Protein chains: 4
Amino acid sequence: MNSYSEGKIQAFQKKNENRARFLIKCPDQPGIVAAVSKFLYEHNANIVASDQFTMNPEGGEFFIRIEFECPDLKEQVSKLETRFVPIAEKFNMEWKIMYVRDIKNMAIFVSNEPHCLLELLWEWQSGDLMANIALVISNHETAREMVESLGIPFYYIPANKDIRHQVEVKQKQLLEQYEVDLIVLARYMQILTPEFVGHFENRIINIHHSFLPAFIGAKPYERAYQRGVKMIGATSHYVTNDLDEGPIIEQNIGRVDHRDNGEDMKKIGQSIERSVLARAVKWHLEDRIIVYKNKTIVF
Amino acid sequence: MNSYSEGKIQAFQKKNENRARFLIKCPDQPGIVAAVSKFLYEHNANIVASDQFTMNPEGGEFFIRIEFECPDLKEQVSKLETRFVPIAEKFNMEWKIMYVRDIKNMAIFVSNEPHCLLELLWEWQSGDLMANIALVISNHETAREMVESLGIPFYYIPANKDIRHQVEVKQKQLLEQYEVDLIVLARYMQILTPEFVGHFENRIINIHHSFLPAFIGAKPYERAYQRGVKMIGATSHYVTNDLDEGPIIEQNIGRVDHRDNGEDMKKIGQSIERSVLARAVKWHLEDRIIVYKNKTIVF
Amino acid sequence: MNSYSEGKIQAFQKKNENRARFLIKCPDQPGIVAAVSKFLYEHNANIVASDQFTMNPEGGEFFIRIEFECPDLKEQVSKLETRFVPIAEKFNMEWKIMYVRDIKNMAIFVSNEPHCLLELLWEWQSGDLMANIALVISNHETAREMVESLGIPFYYIPANKDIRHQVEVKQKQLLEQYEVDLIVLARYMQILTPEFVGHFENRIINIHHSFLPAFIGAKPYERAYQRGVKMIGATSHYVTNDLDEGPIIEQNIGRVDHRDNGEDMKKIGQSIERSVLARAVKWHLEDRIIVYKNKTIVF
Amino acid sequence: MNSYSEGKIQAFQKKNENRARFLIKCPDQPGIVAAVSKFLYEHNANIVASDQFTMNPEGGEFFIRIEFECPDLKEQVSKLETRFVPIAEKFNMEWKIMYVRDIKNMAIFVSNEPHCLLELLWEWQSGDLMANIALVISNHETAREMVESLGIPFYYIPANKDIRHQVEVKQKQLLEQYEVDLIVLARYMQILTPEFVGHFENRIINIHHSFLPAFIGAKPYERAYQRGVKMIGATSHYVTNDLDEGPIIEQNIGRVDHRDNGEDMKKIGQSIERSVLARAVKWHLEDRIIVYKNKTIVF
């Protein structure tokens, strides 16, 4: 990490040392909010933001994200987590408390089109992407210079479908060594094995260069041009073992017309890809995303 | 009200007979959510949706909108409202409970451009605008036929700045007679007196045909054309005594280019005006808007 | 046609009695613009607007749309058309001259969701859709009242896949009787036979309620909800015999999130459908669309 | 210029060695297109793209931009320019021919917010901004490292209103030394003197961080927050001596809501500023913009 970003991160951690995020998923039933908010109040925590959602009001699933401030949070942590257990059991909750000062370690995978990587680096440098970019892994050398110039380790690991297994062994070693929490596929043009994907469930974010479910798979801009669409798009999603079928986090489009050939569409699309991926990564880092079945709830 | 819309409204009321909305505004402090959610839980109310906001986290203002279901709401109403008083006093709350089955009475004022009126009538006919359109008042006869064909009373009241007072006396009589809750100025090109505005504080919604604060006042499209802007817009806001300065509810824009003259801009703009006004009216009817100083919180 | 719209149309025809549109398609080669513009100049025609496009500059296809004013156009017509023949032959052109005063006859087909029909009627009434709405055909009675109240003939023809042939016989009789130039399927939920489609090549415009090529076929909103997309869309296209595969004219999207269920998506989508269809129809009426293979050039 | 970009520029020049752009402005009259297209045809030039506009059809102004290919353009240049003079005189034209291989020299001025500068550098590196970024001038040292790392000269010239004259003397020396064609104010927070502006008429592009004409002058995001607007915007325009009143080239907006404070608006706005400025610069570099009175025609 270069000293500039280090400074930004430290300031952010200092400012948020008493802030945490509560994420809860449970069957809907009366009394959840009352129980959780009473619990927080009794532990001197002040709710700063709260967002909830009931999927299918009758007999459905309840989701809530609460951001709170709690004096001396560091000392309170274990107490909070222990004491919440009976409530969680009563309501049959899946839950976690995330501490804002715990900056996530992120790996970026990229092939030879660097625009999405550049966007992430740009947001990170300007302090808008609060993560530790631990390393960049690529099957091309294209991005080495720009990555290393920012003090971020760059690993070149050639890849193709025949050596997939060996490649992933090396990648996993690095991911473990750097204690990576989140993998971002910033236009990484290799398919991952089910084993690899399973190991990082809901922790791999991909950007696909079409408005899914249209143009799943290879060469979406070319196919968009062939079809004569009047807009192109991009989709960020968590990676599952069904190609381009994982839970969608964010999508957007841009207008094109008959004057735009495949190459033009690609250029227009790149700027959409950049912002759609950056938003998804940011939301993940802020613990705003809950995955439920094959969908996301983005608070 | 025509029989078609009457049927839609009755179905809606039946479906929502146990649903209410809680709107609260108070100084921020710990324990508010705990107290309110405990109160609701103890009265068998289930929170269906909840949205909150703290303006300026340190020493700021707290706002919450809770939508809840409560069995036998009709019988519970007075109990709920009475018993909540001590909590409200403790936290120094401004609050109200709105019952979803209580459909609001709405008056629409229009001059001779009917597009915004038409949009509201269209949304209303299709059951997307849950209000009782009690009457339409106009200083032109243009809209009479389309209004009356839907079974809505239409009143033609000629108006100009010299007879403003007499005009408003007549208008107020009608508004009282029809027990109007909300006035929508759907391109009504007359200025209202401070007395009239004061009487309906935060209950008059206007559509202005520019992206405010640009082009306040008359002929915004002409001025937009003169200035050579590359987009035009519309703004819906609550009416105050400062022309086009009231709390903004919603805004949007559309792109224009050098080929669009003032007349083209007007046509492009009309479609923006329609949707921006319709959204604002819908949000008001759903009790989603809290006015604070000169701003709106739209939940 | 009601007297109000009749007046608007007559005024438009009067204003445009000397205006025409030249549409040309031919293999790209030097000298086309020079030849055409010289021809127009020599016939006292002034070019008011001109838009051209070369698909695939090397060895490609050339398209141009020229709007021009020509004094005494009525008298010039046959001369213009005859004298242009040698030029057209030299450059191997497909071409036509459309006279703006020749208002097109339009039929609207609708089933039981009237929002797209209503939008077209609304635009037509306000003088923004310069067509003669000759008749409305529906397999439901839903829209009869609103159509007839505007003085437009309404024909109820029940339809289902077993009686497709008989239904189309009746429809074709009506279309011939009213000398229909353009058929708009404003959410008409019946599939047309290849014979019918072939008879009206590039003269049937459909609105599909998804961003094609995603969600081809039935129930796109339900499938969009199931897939967990973050935006929904609509596509207007010319009808061919491949379901939802015809040349796309216009598309747009609206954002949705996890709170929007299938029903909400439908409501958000309807407003997108309305504007996407209305734009496509307007462009067709203004002779702005050239179909080339399975794509449209929209000038 | 670094070697990477140098390579891209050379490839672009090679590809476009026979391509030029014709820009013409004259009083509207019959025969202009015929005369110009005949002229080009007779000089073996093939029209690749053509865009024209008549402002105010009756007795108005005519504008056209023609992009053409001409074999051996280098040798033809002087002949073309000489022989066109009689035509230009006949129609009273202002005109110029721009040769695509003549890459423009561009200076970027920046203060201490580097996001717009970064966007331009990013687009330039990826070959999407076809200019020679000759130098960057700043009244802060913030951007030095990122600029110099790309091989672009960086000049730190402290500035404030008391030393405006001396500052501009130094700046002008540099601009002359580097033969600068275009100055981009990429969030340069100093006002330029009328003398300086006059010297670079229609060759200084500024980005203002609001949707003009709203929030002219200082601190637009703060004022937008105070006003409670529901969207913020950015505007790129040519600089004139009336602050933020010059011809608008491009504008766009982003949505905000009550949760966004001034700081949030600034972050959302920065991404709008980046794209709005980059588009304007690109259009200028491609000779797409004609300034007429206080407006732009963007072809």
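Residues numbered from 1 in each chain as written. Chains lettered and ligands numbered in written order. Predicted model: local features only at pLDDT ≥ 70, side-chain atom pairs only at ≥ 80, totals over all residues. Heavy atoms only, no water.

### Quick notes on the overall build of chain A
Our working definition: Numbering goes from the N terminus for both helices and strands, where a helix is a DSSP run of H or I of at least four residues and a strand is a run of E of at least two. Atoms considered for the radius of gyration are the C-alpha atoms alone. The globule rule reads 2.2 Å times the number of residues to the power 0.38. When accessible area is computed with a 1.4 Å probe and restricted to protein chains, residues below 20% of their type maximum are described as buried, those above 50% as exposed, and intermediate ones as partly exposed. By definition in these notes, contact holds between two residues if any of their heavy atoms fall within 4.5 Å. To be clear on the numbers: accessible area is Shrake-Rupley with a 1.4 Å probe, and residue cover counts the displayed protein chains and nothing else. Counting rule for charge: Lys and Arg are taken as positive, Asp and Glu as negative, and neither His nor the chain ends is counted. To locate a charge, take atom NZ for lysine, CZ for arginine, CG for aspartate or CD for glutamate.
Assigned secondary structure in chain A consists of nine helices and 13 strands. Whereas a compact globule of 299 residues would reach a radius of gyration of roughly 19 Å, chain A reaches 21 Å, a difference of no more than 12%. Considered along the principal axes of its C-alpha atoms, chain A spans approximately 60 × 50 × 35 Å. In chain A, buried positions account for 60% of the 299 residues. In chain A, the share of contacts with a sequence separation of at least 24, taken over all contacts with a separation of at least 6, comes to 67%. With the model as given, the accessible surface of chain A reaches about 12400 Å², and the carbon-plus-sulfur share is 48%. The averaged location of the 41 negative side-chain charges in chain A is 2 Å from the averaged location of its 36 positive side-chain charges.

### Considering the sheet that holds strand β11 (residues 248-255) of chain A
All names here are of chain A. The condition is simple: One bridge is not enough; two strands pair if DSSP finds at least two bridges between them. Axes, fitted as lines to C-alpha atoms, cover a helix only where it is in contact. Angles between the N-to-C directions of the axes lie from 0 to 180 degrees.
Taken in spatial order, the seven strands line up as β7-β6-β5-β8-β9-β10-β11 in an open sheet, and their pairing is mixed. The open sheet is flanked by β7 (154-156) and β11, the only strands paired with a single partner. For this sheet the average axis-to-axis angle between neighbouring strands, irrespective of direction, equals 20°. As defined by bridge partners, strand β8 (residues 182-185) adjoins strand β9 (residues 204-208) across three bridges and the pair is classed as parallel. For V184, the partnering residue across the bridge sits in β9 and is I205.

### Describing the packing of aromatic side chains
For the record, the criterion: Pairing of aromatic rings covers Phe, Tyr and Trp, the last through its six-membered ring, and needs centres within 6.5 Å; plane angles under 30 degrees mean stacked, over 60 mean edge-to-face, and all others mean tilted. Over a ring means this: the NZ of a Lys or the CZ of an Arg is within 6 Å of the ring centre and within 35 degrees of the ring normal.
Tallied over the full model, the rule gives 50 aromatic pairs over all chains. Residues F109 of chain C and Y188 of chain C carry aromatic rings whose centres are separated by 5.2 Å and whose planes lie at 85° to one another, so their mutual orientation is edge-to-face. Of this pair, F109 of chain C sits in strand β5 (residues 104-110) while Y188 of chain C sits in the loop between β8 (182-185) and α7 (194-199), and the two are 79 residues apart along the sequence. Each member of the pair, F109 of chain C as well as Y188 of chain C, is classed as buried. Taken together, F22, F39, F68, F84 and W95 of chain A form an aromatic cluster joined through their ring pairs. Directly above the ring of Y225 of chain C sits K295 of chain A, whose terminal nitrogen or CZ lies 3.3 Å from the centroid. When the ring centre of W122 of chain B is taken as origin, the NZ or CZ atom of R274 of chain C, which lies over that ring, is 3.7 Å away.

### Observations regarding helix α8 (residues 220-227) of chain A
Residue and element names in this part refer to chain A. Note the cut-off: Throughout, the arc means the angular range of directions from the helix axis out to the C-beta atoms.
Three or more residues of α8 are buried, namely P220, Y221, A224 and R227. One side of α8 carries all its buried residues, which in axial view fall inside an arc of 125°. Positive phi shows up at G228, right after α8, with a value of about 75°.

### As for the relation of the copies chain B and chain A
Superposition of the two copies of the chain requires a rotation about an axis and a shift along the axis. Counted only if it meets this: We place the copies in one frame by least squares, fitting the C-alpha atoms of every residue whose pLDDT is at least 70 in both.
Taken as rigid bodies, chain B and chain A are interconverted by a rotation of 180° and an axial shift of 0.0 Å, the fit giving an RMSD of 0.0 Å. Such a combination of turn and shift is consistent with a two-fold rotation axis. Residues of chain B ranked by C-alpha distance from the rotation axis are headed by A34 of chain B, positioned 2.8 Å from it. A shared binding surface is used by both copies, with 100% of the interface residues of chain B retained as interface residues in chain A.

### A closer look at the relation of the copies chain A and chain C
Note on the copies: chain A fits chain C at an RMSD of 0.0 Å, the axial shift is 0.0 Å, and the rotation between them is 180°. A share of 100% of interface residues in chain A that are also interface residues in chain C marks the association as one of identical surfaces.

### Some details on the packing of helix α8 (residues 220-227) of chain B against helix α9 (residues 262-285) of chain B
All names here are of chain B. We count it as follows: Throughout, the term roughly parallel applies to angles under 35 degrees, roughly antiparallel to angles over 145, roughly perpendicular to angles from 65 to 115, and oblique to all others. Handedness of a crossing follows from how the near helix is turned relative to the far one, being left-handed for an anticlockwise turn of less than a right angle and right-handed for a clockwise one. Under this grouping Gly is polar, as are all residues other than the nonpolar Ala, Val, Leu, Ile, Met, Phe, Trp, Tyr, Cys and Pro and the charged Asp, Glu, Lys and Arg.
At a minimum axis distance of 9 Å, the contact between α8 and α9 shows a crossing angle of 125°. The orientation of α8 with respect to α9, classified from their angle, is oblique. In the packing of α8 onto α9, the handedness of the crossing is right-handed. Residues Y221, A224 and Y225 of α8 lie in contact with α9, whose contacting residues are G262, M265, K266, G269, Q270 and E273. Residues belonging to the contact of α8 with α9 are distributed by class as follows: four nonpolar, three polar and two charged.

### What to know about the interface of chain B and chain A
What counts is decided by this rule: Buried area counts how much accessible surface, traced with a 1.4 Å probe, disappears from two parts once they are put together, with both parts' losses summed. When a carboxyl oxygen of Asp or Glu is within 4 Å of a side-chain nitrogen of Lys or Arg, the pair counts as a salt bridge.
Between chain B and chain A, the residue contacts involve 16 residues of the former and 16 residues of the latter. Here chain B meets chain A over a buried area of about 1400 Å², counting both sides, of which 55% is carbon and sulfur. Together, Y41, N46 and Q52 of chain B form the three largest contributors to the area buried by chain B at its contact with chain A, with a combined 29%. On inspection of chain B and its partner chain A, the count reaches zero salt bridges.

### Description of the interface of chain A and chain C
Using the following cut-off: In the analysis that follows, any N or O atom pair within 3.5 Å is treated as a polar contact, provided that within protein one partner can donate a hydrogen and the other can accept it, and provided that, for residues neighboring in sequence, both atoms belong to side chains.
Contacts between chain A and chain C engage 33 residues on the former and 34 residues on the latter. A combined buried area of about 2900 Å² lies between chain A and chain C, and 52% of that area is made up of carbon and sulfur atoms. Considering only the side of chain A, the residues that lose the most area to chain C are R227, K230 and H258 of chain A, jointly responsible for 25% of the buried surface there. Across the contact surface, chain A and chain C share six salt bridges. Inspection of the chain A/chain C interface yields 22 residue pairs in polar contact (both at pLDDT 80 or more). When residues of the side of chain A that touches chain C are traced back to their parent elements, those giving at least two are β2 (46-55), α8, β11 and β13 (295-298) of chain A. A per-class count over the side of chain A that touches chain C returns 15 nonpolar, nine polar and nine charged.

### With respect to the side chain of E61 of chain D
Residues and elements named next belong to chain D. Locating E61 in the fold gives a position in strand β3 (residues 61-69). Buried charge E61 goes without a salt bridge, the closest partner of opposite sign being K25 at 6.5 Å. If sequence neighbours within four positions are ignored, E61 has contacts with K25, C26, P27, D28, F53, T54, M55 and Y292.

### Looking at the UniProt feature "active site" (unreviewed entry) in chain A
Defined as follows: UniProt positions are given in the numbering used here, feature names are shortened, and annotations may be inferred rather than shown by experiment.
Summarizing the sequence annotation, UniProt attributes the feature "active site" (unreviewed entry) to D244 of chain A in the numbering used throughout. Mapped onto the elements of the fold, D244 of chain A is located in the loop between β10 (231-238) and β11. Those residues in contact with D244 of chain A, other than ones at most four positions away along the chain, are N206, H208, L212, I216, G217 and H237 of chain A together with R227 of chain C. Here the side chain of D244 of chain A touches H208 of chain A through a polar contact of 3.4 Å, side chain to side chain.

### Thoughts on the pairing of strand β2 (residues 46-55) of chain D
All names here are of chain D. By the criterion of burial, β2 is predominantly enclosed, with seven of the ten residues buried. Relative to β3, β2 runs antiparallel, the two being bridged by nine bridges. When the sheet's bridge partners are listed, N46 is paired in β3 with E69.

### Concerning the packing of helix α2 (residues 32-42) of chain A against helix α3 (residues 73-91) of chain A
A pair of packed helices is characterised by two quantities: the angle between their axes and the separation of those axes. Residue and element names in this part refer to chain A. The contact between α2 and α3 brings their axes to 11 Å, and the two run at 170°. Considering the angle they form, α2 stands roughly antiparallel to α3. Contacts between α2 and α3 involve I32, A35, V36 and F39 on the former and, on the latter, L80, R83, F84, I87 and F91. Residue classes in the contact of α2 with α3 are distributed as eight nonpolar, no polar and one charged.

### Structural notes on the pairing of β8 of chain A
Both faces of the sheet carry side chains from a regular strand, because those side chains alternate between them. Where we set the bar: With the strands pointing away from the viewer, any crossover whose connection runs clockwise from the first strand over the helix to the second is right-handed.
Burial along β8 of chain A is two-sided: L182 and V184 of chain A facing one way and I183 and L185 of chain A facing the other are all buried. Remark: the β8 of chain A/helix α7 (residues 194-199) of chain A/β9 of chain A crossover connection has right-handed handedness.

### Quick notes on the layout of surface pockets
How we decide: The pocket and cavity definitions rest on a 1 Å grid over protein atoms only: a 1.4 Å probe that fits but cannot leave marks a cavity, an open set with protein on both sides within 12 Å along at least five of seven lines marks a pocket, and residues lining either have an atom within 4 Å of a point. Grid points are joined across faces, edges and corners, and a volume is the space filled by probe spheres set on the points.
There is about 1700 Å³ of room inside the second largest pocket. Of all elements in the fold, only α1 (3-15), α4 (115-125), α5 (144-148) and α9 of chain B together with α1 (3-15), α4 (115-125), α5 (144-148) and α9 (262-285) of chain C reach the threshold of two or more residues within the lining of the second largest pocket. Among the residues making up the lining of the second largest pocket, the classes are represented as 14 nonpolar, 16 polar and 14 charged.

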